[in-house]
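Listed here are the chains, written in short residue letters.
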Amino acid sequence: MGTLLNGPQRHFANLGVLWWVAVGIILMVFPIFLSKFWLYLITFMLIQALFAVSFNLIMGYGGMISFGHAAFFGIGAYAVALLSARTSLPFALILISAPVVGGLLALIIGFFCLRSHGLYFALLTMVFAEMLYHVVHKWYNFTGGDNGIQGIPLPFFLETQASYYYFVLFLVVVGIILVWRIVNSPFGNAVMAFRENEERTDFVGINTMKLRLEAFSISGLYSGLCGGLFALLTQQVSPDVMFWTKSAEPIFMGLFGGMYTFFGPIVGAIAIVFLEQFISAHTKYWAIFMGLIILPVVLFLPEGLYGTFERRIKAMIRRRGEI
Amino acid sequence: MLYLENLGKSFEGLMAVNDVNMMVKEGDIHAIIGPNGAGKTTLFNLITGYHHPDTGKVVLRKEDITGLPRHIICQKGIARSFQRVNIYPKLTVFQNVQVAVSSQQGYTFSLFSLAKRIGRKETEELLDELGLFQYKDLKGEELSHGVKKQLELAISLANKPKLLLLDEPTAGMAPEETRITLELIQMLSKGKGLTVLFTEHDIAAVFAIAKRITVMHQGAILAEGLPEEVRANPEVQRVYLGES
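Residues numbered from 1 in each chain as written. Chains lettered and ligands numbered in written order. Predicted model: local features only at pLDDT ≥ 70, side-chain atom pairs only at ≥ 80, totals over all residues.

## Here we look at the overall build of chain B
Move 1: Secondary structure summary: chain B contains 9 helices and 10 strands in total.
Move 2: For 244 residues, the compact-globule formula gives about 18 Å, and the C-alpha radius of gyration of chain B, at 18 Å, lands near that figure.
Move 3: Seen along its three principal axes, the alpha-carbon backbone of chain B occupies a region of about 55 × 40 × 35 Å.
Move 4: Here chain B holds 244 residues, and 45% of them are scored as buried.
Move 5: Long-range pairs, those at least 24 residues apart, make up 66% of the contacts in chain B with a sequence separation of at least 6. (Helix = DSSP H or I, 4+ residues; strand = E, 2+ residues; numbered from the N terminus. Rg over C-alpha atoms; globule rule 2.2 N^0.38 Å. Buried ≥ 20, exposed ≤ 12 C-beta atoms within 10 Å, placed from the backbone. Contact = placed C-beta atoms within 7 Å.)

## Observations regarding the interface of chain A and chain B
Move 1: At the interface, 22 residues of chain A touch 31 residues of chain B.
Move 2: A total of 8 residues in the side of chain A that touches chain B trace back to one element, the largest contributor, which is helix α8 (residues 186–196) of chain A.
Move 3: Across the side of chain A that touches chain B, the residue classes break down as 9 nonpolar, 7 polar and 6 charged. (Nonpolar A, V, L, I, M, F, W, Y, C, P; charged D, E, K, R; others polar.)

## Description of the sheet that holds strand β10 (residues 220–225) of chain B
All names here are of chain B.
Move 1: Overall, mixed pairing links the 6 strands, which are arranged β6-β7-β8-β3-β9-β10 in an open sheet. Whereas interior strands pair on both sides, the edge strands pair on one side only; in this sheet they are β6 (78–81) and β10. Averaged over neighbouring strand pairs, the angle between their axes works out to 15 degrees when direction is ignored.
Move 2: Against the sheet, helix α5 (residues 145–158) touches β6 and β7 (163–167), its axis set at about 170 degrees to β6. (Pairing = 2+ DSSP bridges. Axes fitted to C-alpha atoms, helices over the stretch in contact; angles between N-to-C directions.)

## Some words on the pairing of strand β1 (residues 2–11) of chain B
Residues and elements named next belong to chain B.
Move 1: In terms of strand pairing, β1 meets strand β2 (residues 14–24) through 7 bridges, oriented antiparallel. Of the residues in β2, the one forming a bridge with S10 is M15.
Move 2: Taken together, β1 and the strand that follows it, β2, pair antiparallel across an intervening segment of 2 residues, in which E12 is found at a positive phi of about 45 degrees.
Move 3: As judged from the 5 bridges shared by β1 and strand β4 (residues 55–60), these two strands associate in the antiparallel manner. Looking at β4, one finds that L2 is bridged to L60.

## A short note on helix α3 (residues 93–104) of chain B
Move 1: Between its first and last C-alpha atoms α3(B) spans 17 Å; for 12 residues at 1.5 Å apiece the expected length is 16 Å, and the two agree.
Move 2: For α3(B), a buried count of 12 out of 12 residues is recorded, marking the element as mostly surrounded by other parts of the structure.
Move 3: Listing the buried residues of α3(B) in full gives V93(B), F94(B), Q95(B), N96(B), V97(B), Q98(B), V99(B), A100(B), V101(B), S102(B), S103(B) and Q104(B).
Move 4: Packing partners of the buried residues in α3(B) comprise α8 of chain A together with α4 (120–129) and α5 of chain B.
Move 5: Trailing α3(B) by a residue or two, G106(B) shows a phi angle of about 80 degrees, which is positive. (Expected span 1.5 Å × (residues − 1).)

## Looking at the sheet that holds β2(B)
Residues and elements named next belong to chain B.
Move 1: The strand order across the open sheet built from 4 strands is β2-β1-β4-β5, with neighbouring strands paired in antiparallel fashion. Both edges of this open sheet fall to β2 and β5 (63–64), since each of them pairs with a single strand only.
Move 2: Its contacts with the sheet place helix α1 (residues 40–47) against β1, β2 and β4, and it is angled at close to 65 degrees to β2.

Now the structure itself:
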């Protein structure tokens, strides 16, 4: 490392390690005491967290807002559903198909959309996603149309709720670590540089089109994986997974938690899944109440919940370090 | 080193650069001067691929680079700075330079190596050389104008260019900063054999360091030569030097 930590910094670094150990233990023991319902919800939360973190590679780090990630999430979900229902391919291949088709679709859509910027880019991604949604919605022979596909089989070793939870936990943790490596790589730096100043980035010899396309495809690949995991969790898919509201989810999770931090979107995912569950259990007008909660956070805490927290903690460590 | 042949560009019918022929020799410090709107910045934009020329060619070391994408032109050895400060405001001074160093070393698309280990030594050396080491943890936006200009120079140098294009490198600088920057440009040219092409408003600065001067007026070249030749040119005196 080579960095010298002063007293308070070391103290907080130790606290950080302790915190991760605690989180790890809690996540490992959840299946022992949680009901099936709660385990389902936590599994869903993990999938959403990975969806939000990987999406943030382009939103927070790259400054590109896509309104079309439902397409990648959805195609991953459908790939798993169709291959499980219609073929006898091994489970590993079926699962891998989700990120592969998600990434490939993102490569194709990105190739066209990334020629424009800002709002135009966002709208183009939305148009592509809507087109796919309508194809899936209407193509009864292939996708089952609005009936979707039911009864996706799970391999025997994932049949219990707990085993599927551990499976998702493993993939999500590995997935998040890989995203962490990417944002801390020269590639991640270049993506941030692009967000800050595209012109300058061209003139340091970086092919910004390739850079953006690669970042977009990586996020698409992750979205596909998340879609596949979601299809296996619910053991069914319907065109809802491709609806535009699905594209809005990672945006809200990022905004709510803090898109300029790595962990913000995870906090956002946890908070939003919980809130949605809690509010929808009490009223059918839950969407209004969600809006009423998200709105002030976006307005008054532009750094998001975790972003604000992280800044305050850092300021506190700095203050203590100076004393 | 650099050869421009019949280069022309017009914007909505207005000839910004008109049939420019010029040559920049290897190792020279070459200045382009001229009144506002003479076409100096447009000429830079044509050389670096920011704009595509309507006519003519840009040749770098016998290779035609006309109309190539900006990043390719940069990779071929032309780096530039801008008239307006053009840095990464939210990244630290270190990261500002490191992005360019990683690009030069071919690590930009390396997904899983840790950025903090890439080009660390080169970045620190460059910051040290330009007197920016003390600011390395500050964000770009936190620097004074003069230091931002220095940082931009550092970013340009990080690409290890053969030809460095500086668009008004001392604009807005305090006299002391201007002196340091001019010395630095001379040092880079002598020490690293870098060829420098620059535009400048400050005529005293131009005559202090330029080995060759091209005078532009209304998009065309009015005169070219050694500083003393340019100074003695009656045409130049009439349209430019006389006015200032």
